[in-house]
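Structural features, examined
Spelled out, the chains give:
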Amino acid sequence: MKEFDYIVVGSGCAGLSASLELAVNNRKVLLIEQHNIPGGCATGFVRGRFEFDPSLHELCGVGSEENPGFVREMFDKYGVDIEWNEVTDCFRVISTYSDGTPMDVTMPAGKEAFIDKMEYYVPGSKPSVNKFFDLIQNIEDGLAYISGDEIKVSEIIKRYVPMLRSGGYTTSVVLDALDMPQKAKDILSVYWSYLGVDMEKMSFLHYASMVNSYVKLSAYFPMHTSHEISVKMVERLRELGGTVMMGCRAEKFIFEGDKCVGVETNLGTFKAKFGVLANINPDIVHGKMIPDNLVPKREKKLSAARDRKIGGRMFTAYFGLNKTAEELGIKDYSIFFVGSSDSVKEYNSLKRISTNNYVIMLCYNIHNKGFSPEGTSVVSFTTMFTSSHDFNVLEETEYFKLKNMMAERFINILKDKAGIDISDAIEEVTVASPYTFARYLNAPEGGVYGFETTQWDGVIPRTIEMTMGLDYKIKHLYTIGTSGVRGDGYSSGYADGQILADRALVQFEKEGE
């Protein structure tokens, strides 16, 4: 039986960052992946002469070389060089304001530019929006502090009172408290879908951290799809002495007493001297991969409380077009098509296929002219579902009809709301449903966001739980990924892998070699 210091299961974003964090700390690492390529959602696929990215819209937390964010700093630490494209606008949204009037707004990246543009759209909003950004900067600094190894309560009380005062409230409550004009709140509400929960359930601290990162540092995406990131991370892991095994599926975890000491796979059993990090949904880990008597009561209660409230179940259509973006009249990198500014109403509309008209259109060629062959362009449409009801009762014979219907719906929304018709330019089309994401990623119900990051189960409660120590959990087995500390998203996944790998190293140091 081969032995390693640590075994990382799953090469999604968190698995890749966790592996590299352990490797740069001179640990002997084995990374196993059930698929034949790394990355999970962070990969690419080819149809005809087009290459598509399965799910990446953009990454927050990258920043420029002069003003780097945590993602760029992380990759620099690991020696992973990515060619980045900056997304200069945060978003365009076509919707309606709360008073029923039409909304067609384009918000730029950059704090000052964002505030000025908000004032342009909503005169008189500037003071409250300035307060909003001051508050979320304090929150960003506070979250970084409490994620560290040495935390002093006196310092938290001294420096992060705004974070503490707002930390127990939802996003809608805090925005109301800032006396922000309703139309400004309507514009800011666009981001709710990036977290998969509506503004009345969403922790303001989680929302604030995301918005601050997108606006202050801009968003970025890799030149060669997110597959570039995953491949380069794997290459770097191998350079650092790590072992990577593709087509290797973890089947169960091996224990000696109450301590996890290895992984049984379809390619054999491997031993972990100091720990296993599993980029797998915790319900799968606890329900199928370890003995029931070793599942802590706390984890069973947490699972019951979450009650399978899975985050966004993704549905995406990818189009390879034989015309350029300019020829088609596409000028925006991303457009949010939203029925209304009421996030609760929109969240509920995403429970059913018949009422789902929320979609994000993306055209990669806007910021990367060479993303597709000359004379062509690539667009994708993404929506999500906040319930699996309609998919659970879907007949197999209706599956492909549903895919075609949703693709046609996306095309019509773009035509009707933005005046852009791509129907006569379609050369390739592929549609991925929640079933697709569930199959490729082993994600329950196709929910790539993990569990919903609601107020009681958001970033702060998960961070506090982590800082309490890991002794009450399964010894030497750490679950990482979108169900972890930082919740959903690529950047959050990379952060979660790094954070939990550091925690595993600290635990190892406590126990001694």
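Because the structure is a prediction, the values reported are computed rather than measured.

Another aspect to go through is the pattern of salt bridges. Proximity of charged atoms lets side chains of opposite charge pair with each other. This model, assessed by the stated rule, comprises 27 salt bridges. Linking aspartate 116 and lysine 126 is a salt bridge whose minimum nitrogen-to-oxygen distance equals 3.2 Å. Pair noted here: aspartate 116 is in helix 3 (residues 111-121) and lysine 126 is in helix 4 (residues 126-146), with a separation of 10 residues, a long-range link. Given the relative accessible area of 39%, aspartate 116 is considered partly exposed. A residue is classified by how much of its surface remains accessible, and lysine 126, at 33% relative accessible area, is partly exposed. Across the salt bridge formed by glutamate 239 and arginine 236, the nearest N and O atoms sit 3.0 Å from each other. Of the two residues, glutamate 239 and arginine 236 are both situated in helix 10 (residues 225-239); the distance of three residues between them amounts to about one turn of the helix. Exposure remark for arginine 236: the relative accessible area of 24% places this residue in the partly exposed category. It is possible to trace a salt-bridge network through shared partners that takes in Arg92, Asp104 and Asp332.

On to the side chain of arginine 306. The residue arginine 306 is located in helix 12 (residues 297-306) in this model. For arginine 306, a relative accessible area of 8% corresponds to the buried category. Separated by 2.8 Å, the side chains of arginine 306 and aspartate 457 make a polar contact. Ignoring any residue separated from it by four or fewer positions in sequence, one finds arginine 306 in contact with Phe451, Trp456, Asp457, Arg462 and Ser483.

Estimated volume of the second largest pocket: approximately 600 Å³. Taken together, 26 residues line the second largest pocket, and the ones lying closest to its centre are Phe70, Glu73, Ala144, Arg486 and Gln498. Those elements that place two or more of their residues in the lining of the second largest pocket are helix 2 (70-78), helix 4, helix 9 (204-217) and helix 19 (490-511). Residues of the lining of the second largest pocket, tallied by class, amount to eight nonpolar, nine polar and nine charged. Split by domain, the lining of the second largest pocket shows at least three residues from each of two domains, domain 1 (3-46 + 64-83 + 225-308 + 454-507) and domain 2 (110-217).

For the structure on display, the rule yields 34 aromatic pairs. Each ring, one from phenylalanine 221 and one from tyrosine 364, has its centre 6.0 Å from the other, and the planes form 75 degrees; the classification is edge-to-face. Here phenylalanine 221 is found in strand 8 (residues 219-222), whereas its partner tyrosine 364 is found in the loop between strand 15 (359-363) and strand 16 (377-385), with 143 residues between them in sequence. Members of the aromatic cluster, each reached through a chain of ring pairs, are Phe315, Phe319, Phe381, Phe385, Phe391, Tyr399, Phe400, Phe410 and Tyr435. The positively charged end of arginine 72 is found above the aromatic ring belonging to tyrosine 220, 5.8 Å away from the centroid. Residue placement shows lysine 201 over the ring face of tyrosine 347; its charged tip is 3.8 Å from the ring centre.

Attention shifts here to the domain arrangement of the chain. Put simply, an interface is often sized by how much accessible area is lost when its parts join up. Looking at the assigned domains, one finds that the chain contains domain 1 (3-46 + 64-83 + 225-308 + 454-507), domain 2 (110-217) and domain 3 (312-444). One C-alpha centre belongs to domain 1, the other to domain 2; they are set 29 Å apart. Between domain 1 and domain 2, the residue contacts involve 12 residues of the former and 17 residues of the latter. Of the roughly 1300 Å² buried where domain 1 meets domain 2, counting both sides, 58% is carbon and sulfur surface. Contact with domain 2 buries surface across domain 1, with Gln455, Ile460 and Asp488 losing the most and accounting together for 37% of the total. If you look at where domain 1 meets domain 2, you find zero salt bridges.

Definitions and cut-offs
Within any chain, residue numbers begin from 1 and follow the written order of that chain's sequence. Residue-level local features of this predicted model are given only where pLDDT is at least 70; pairs of side-chain atoms are given and counted only at 80 or more, and the full residue set underlies all totals for whole chains, interfaces and linings. The side-chain values count all of the structure's non-hydrogen atoms but skip hydrogen atoms and water molecules. Salt bridges are identified by distance alone: a Lys or Arg side-chain nitrogen within 4 Å of an Asp or Glu carboxyl oxygen. In this text, helices come from DSSP runs of H or I with a minimum length of four residues, and strands from runs of E with a minimum of two, each type numbered from the N-terminal end. For every residue, the accessible area obtained with a 1.4 Å probe (protein chains only) is divided by the maximum for its type, and the residue is called buried under 20%, exposed over 50%, and partly exposed between those limits. Whenever two N or O atoms come within 3.5 Å, that pair is a polar contact, provided that in protein one can donate a hydrogen and the other can accept it, and provided that, for residues adjacent in sequence, both atoms are side-chain atoms. The contact criterion used throughout is that any non-hydrogen atoms of two residues lie within 4.5 Å. We place a 1 Å grid over just the protein atoms. Points where a 1.4 Å probe fits but has no way out form a cavity, open points with protein on both sides within 12 Å along at least 5 of 7 lines form a pocket, and any residue with an atom within 4 Å of a point lines it. Grid points are joined across faces, edges and corners, and a volume is the space filled by probe spheres set on the points. Three classes are used: nonpolar for Ala, Val, Leu, Ile, Met, Phe, Trp, Tyr, Cys and Pro, charged for Asp, Glu, Lys and Arg, and polar for all others, with Gly counted as polar. All domain edges in this entry derive from an automatic or database-based domain assignment. Each Phe, Tyr or Trp ring (for Trp, its six-membered ring) is paired with any other whose centre lies within 6.5 Å, and the angle between the two planes then decides the class: stacked below 30 degrees, edge-to-face above 60, tilted in between. We count a charge as sitting over a ring when the NZ of a lysine or the CZ of an arginine lies within 6 Å of the ring centre and within 35 degrees of the ring normal. What gets called buried area is simply the loss in accessible area from a 1.4 Å probe that two parts show on being joined, summed for both.

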